[in-house]
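Take a look at the letters that make up each chain.
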Amino acid sequence: APSQNGTFVTATPDGFVAFGQVTNETSGFWHSTDGRAWSPMSGAKDPGNPRALAYVDGRFLAIIPNLDQTSGLVVSSDLTTWTPVVSEALTGVNLGGLAVTVGGVVAEASAFAVSGAERTWILFSSDGSDWRSYPLDPPLDSLQLGRVAEFQGKLVIAAIDAGSGPPNGSAVFLTLGPPPA
């Protein structure tokens, strides 16, 4: 089974799929029907050292690092052929975690403004291809967003308030209503 370092898991209609490090030099995809016993998935291809994995609308999504310190999103229906997702909302951003919701998938996005300050926001997609900003008020610029989860149509986001002082800031949990239709 994959180690805990760099392991990402998502639920599918057939069980669970995980991507993780197998040895110090290799990583790969694994499948489980019960979450306990795992088998390597032969033929599955590493999309480029993914940082997050999700399954939505019959397709796998993976966040992969780009050379310019941003990240990209790739999609595959079979874990062998990966295609970049092209969306204006994804251009020049660094993507954080992915969370599958009842209505689609959400991702945390950040980018540095011309002033040098980091700007953070949430992106939503009903199908993993067409992305748009999730309206947030007030802006989340002082927060470092972490994991996103969904329950009964509400999103909960774990974050660190970077403006709350040393050593690491205070933990904050944001609760948001359902994404706009």
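For the structure, check the block above.
Not measured: the values here are computed from a predicted model.

Tallying secondary structure elements over the protein chain gives zero helices and 15 strands in all. Across the 181 residues that make up the protein chain, the buried fraction comes to 40%. Across the protein chain, every contact between residues at least 6 apart in sequence was considered, and the portion connecting residues at least 24 apart equals 32%. Surface summary for the protein chain: the accessible area is close to 10,100 Å², and the carbon and sulfur share equals 53%.

Attention now goes to the side chain of Ser76. Structurally, Ser76 can be placed in strand E7 (residues 71-76). Taking relative accessible area as the criterion, Ser76 reaches 2% and is therefore assigned buried.

In this section: the sheet that holds strand E5 (residues 52-56). One open sheet accounts for four strands, arranged E5-E6-E7-E8; its pairing is antiparallel. At either end of the open sheet lies a strand with only one pairing partner, and these are E5 and strand E8 (83-84). Relative to E8, E7 runs antiparallel, the two being bridged by two bridges. Paired with Val74 across the bridge in E8 is Pro84.

This paragraph deals with the nonpolar core. One finds Leu61, Leu73, Leu95, Leu98, Leu123 and Trp131 to be the most contacted residues of the largest nonpolar core, which totals 20 residues. Mapped onto this core, the elements with two or more residues apiece are E5, strand E6 (59-65), E7, strand E9 (94-101), strand E10 (104-112) and strand E11 (118-125). Apart from residues lying up to four places away in sequence, Leu95 is in contact with Arg51, Ile63, Ser71, Gly72, Leu73, Leu90, Ala107, Glu108, Ala109 and Leu123. Core analysis: the second largest hydrophobic core is formed by twelve residues, Phe60, Ala62, Ile64 and Trp82 among them.

Here the focus is the packing of aromatic side chains. Under the counting rule described, the total for this entry stands at three aromatic pairs. By the ring-pair criterion, three or more aromatic residues cluster together here, those being Phe19, Phe29 and Trp82.

This paragraph deals with the sheet that holds strand E1 (residues 8-12). If you walk across this open sheet you meet the four strands as E1-E2-E3-E4, and the pairing is antiparallel. Looking at the sheet topology across the chains shown, the edges are occupied by E1 and strand E4 (39-40). In this structure, E1 lies alongside strand E2 (residues 15-21), joined through five bridges in antiparallel fashion. Bridge pairing in E2 places Val9 opposite Ala18.

Tracing the backbone shows Phe173 in strand E15 (residues 170-176). When its relative accessible area of 62% is taken as the criterion, Phe173 is described as exposed. The residues touching Phe173, leaving out its near neighbours within four places in the chain, are Val156, Ile157 and Ala158.

On to the environment of Gly35. Here Gly35 shows up in the loop between strand E3 (27-32) and E4. Residues Gly35 and Gly15, spaced 20 residues apart in sequence, show a C-alpha to C-alpha distance of 7.6 Å.

Here is what the cut-offs are and how they apply
- Residues numbered from 1 in each chain as written.
- Predicted model: local features only at pLDDT ≥ 70, side-chain atom pairs only at ≥ 80, totals over all residues.
- Heavy atoms only, no water.
- Helix = DSSP H or I, 4+ residues; strand = E, 2+ residues; numbered from the N terminus.
- Buried < 20%, exposed > 50% of the residue type's maximum accessible area, 1.4 Å probe, protein only.
- Contact = heavy atoms within 4.5 Å.
- Areas by Shrake-Rupley, 256 points an atom, 1.4 Å probe, with all protein chains shown as cover.
- Pairing = 2+ DSSP bridges.
- Core = buried A, V, L, I, M, F, W, Y, C linked by side-chain atoms within 4.5 Å.
- Phe/Tyr/Trp six-rings, centres within 6.5 Å; stacked < 30°, edge-to-face > 60°.

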